[in-house]
Amino acid sequence: TRYGVYTLVFNMEQLVSSDPAVRESCLSTISFWLNSIVVHTWNTETESMAPIVIVGTHKDIVKSVAQHEQISRILEEKFRSSVAWPWIQENEDTEEEGGQNLCFFPVDNRKSRGDTTVVKMMKLIEDIIDKSDYVHLERPLTWLQTMDRLTACGKAYLPLVEVEAIAEECDVPRSAVPSLLAFLHEMGILMWHDDVSLRDVVILDAVAYFCLLYTSD
């Protein structure tokens, strides 16, 4: 949904590979996910979309600043014409580390928070979220109580009628349930689509739900 910040992760080794096929495959995968984020988060009214942070892994192998700048140039040349480009968050202040600003964050997965770039990236994401309007929208306390009841039930899904009953127990009127479910869907807490063929099922755990569908087939 448009609510959130998306991290798009790739392996830096692939973009500095001597094999053109490996490099092109990596760019193709990045392009697929970039386009997917555009499709699902683009707002035609505001001509805006969810922010994206591109992350390059394996900094323990692809170590040099020169390699990181090379990768940044490759990404910019490939994707600067995309509508998503203005929403890709820049990795600033790398001049202090001897390099230029990058359009991605090179990280060493093994160090976790021991990698200063990981810490900087997490701080950036927190700042973006804190400045987002949807985070500060006021919602009824009864909505939060209903959300807690739904997430605590431990089920992969519930029929809509059961969700309406739980909401009613939390003093949420039935007429407000679609708005409540749409909000929880946008926030990534559950899946619900207000479509005639889909609205009767509220998915609380997508992975478990689709595994159930697969095994039942």
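Everything here concerns the structure above.
All of these numbers come straight from a predicted model, not from anything done at the bench.

Focus: the overall build of the chain
Moving on, step 1. Across its full length, the chain carries 8 helices and 5 strands.
Moving on, step 2. Element order for the chain, N to C, with α for helix and β for strand: β-α-α-β-α-β-α-α-β-α-α-β-α.
Moving on, step 3. Each principal axis of the C-alpha distribution contributes one length, and for the chain these read about 60 × 40 × 35 Å.
Moving on, step 4. Per-residue burial for the chain yields a buried fraction of 38% across its 217 residues.
Moving on, step 5. A sequence separation of at least 24 residues applies to 64% of the contacts in the chain between residues at least 6 apart.
Moving on, step 6. Carbon and sulfur atoms make up 52% of the accessible area of the chain, which amounts to about 13000 Å² in all.
Moving on, step 7. One finds the centroid of the 18 positive side-chain charges in the chain at a distance of 5 Å from the centroid of its 34 negative side-chain charges.

Side note on a negative patch on the surface
Moving on, step 1. A cluster of acidic side chains, namely Glu-76, Glu-77, Glu-90 and Glu-92, defines a negative patch on the protein surface.
Moving on, step 2. In this structure, Glu-92 sits in the loop between α3 (65-79) and β3 (105-106).

Focus: the packing of helix α2 (residues 20-41) against α3
Moving on, step 1. Contact geometry for α2 and α3: axes closest at 12 Å, N-to-C directions at 55 degrees. It follows that α2 is oblique to α3 by the angle criterion. Helix-helix and strand crossings are classified by hand; for α2 and α3 the assignment is right-handed. Residues Glu-24, Leu-27, Ile-30, Ser-31 and Leu-34 of α2 form the contact with α3, whose participating residues are Ile-74, Leu-75, Lys-78 and Phe-79.

Digging into the pattern of salt bridges
Moving on, step 1. Tallied over the full model, the rule gives 9 salt bridges.
Moving on, step 2. Between Asp-115 and Lys-59 there is a salt bridge, with the nearest N and O atoms lying 3.1 Å from each other. One end of the pair, Asp-115, is in the loop between β3 and α4 (116-131); the other, Lys-59, is in the loop between β2 (52-57) and α3, and 56 residues separate them in sequence.
Moving on, step 3. The partner of Arg-174 in a salt bridge is Glu-164, with the nearest N and O atoms 3.7 Å apart. Linking Arg-174 in the loop between α6 (160-169) and α7 (177-186) with Glu-164 in helix α6, this pair joins segments that are 10 residues apart in sequence.
Moving on, step 4. Because the salt bridges share partners, they merge into one network encompassing Asp-60, Asp-108 and Arg-110.

What to know about the side chain of Ser-132
Moving on, step 1. Tracing the chain through its elements places Ser-132 in the loop between α4 and α5 (141-152).
Moving on, step 2. In terms of polar contacts, Ser-132 uses its side chain to reach the backbone carbonyl oxygen of Ile-128, at 2.8 Å.

Here we look at the state of the cysteines
Moving on, step 1. Overall, the coordinates contain 0 disulfides when judged by the stated rule.
Moving on, step 2. Cys-103 takes part in no disulfide bond, and the closest cysteine sulfur, belonging to Cys-26, lies 12 Å away.
Moving on, step 3. Cys-103 sits in the buried class, given a relative accessible area of 7%.
Moving on, step 4. With no disulfide partner, Cys-170 has as its closest neighbouring cysteine sulfur the one in Cys-153, 12 Å distant.

Parameters at a glance
- Residues numbered from 1 in each chain as written.
- Predicted model: local features only at pLDDT ≥ 70, side-chain atom pairs only at ≥ 80, totals over all residues.
- Heavy atoms only, no water.
- Helix = DSSP H or I, 4+ residues; strand = E, 2+ residues; numbered from the N terminus.
- Buried < 20%, exposed > 50% of the residue type's maximum accessible area, 1.4 Å probe, protein only.
- Contact = heavy atoms within 4.5 Å.
- Areas by Shrake-Rupley, 256 points an atom, 1.4 Å probe, with all protein chains shown as cover.
- Lys, Arg positive; Asp, Glu negative; His and termini not counted.
- Charge placed at Lys NZ, Arg CZ, Asp CG, Glu CD.
- Patch = residues over 30% accessible without salt bridge, like charges linked within 9 Å, V, L, I, M, F, W, Y side chains within 5 Å.
- Salt bridge = Lys/Arg side-chain N within 4 Å of Asp/Glu carboxyl O.
- Axes fitted to C-alpha atoms, helices over the stretch in contact; angles between N-to-C directions.
- Parallel < 35°, antiparallel > 145°, perpendicular 65-115°, else oblique.
- Left-handed = near helix turned anticlockwise from the far one by under 90°.
- Polar contact = N/O pair within 3.5 Å; in protein donor to acceptor, adjacent residues only side chain to side chain.
- Disulfide = S-S within 2.5 Å.

It is worth stressing that arrangement in space is one thing and function is another; only the former is reported here.
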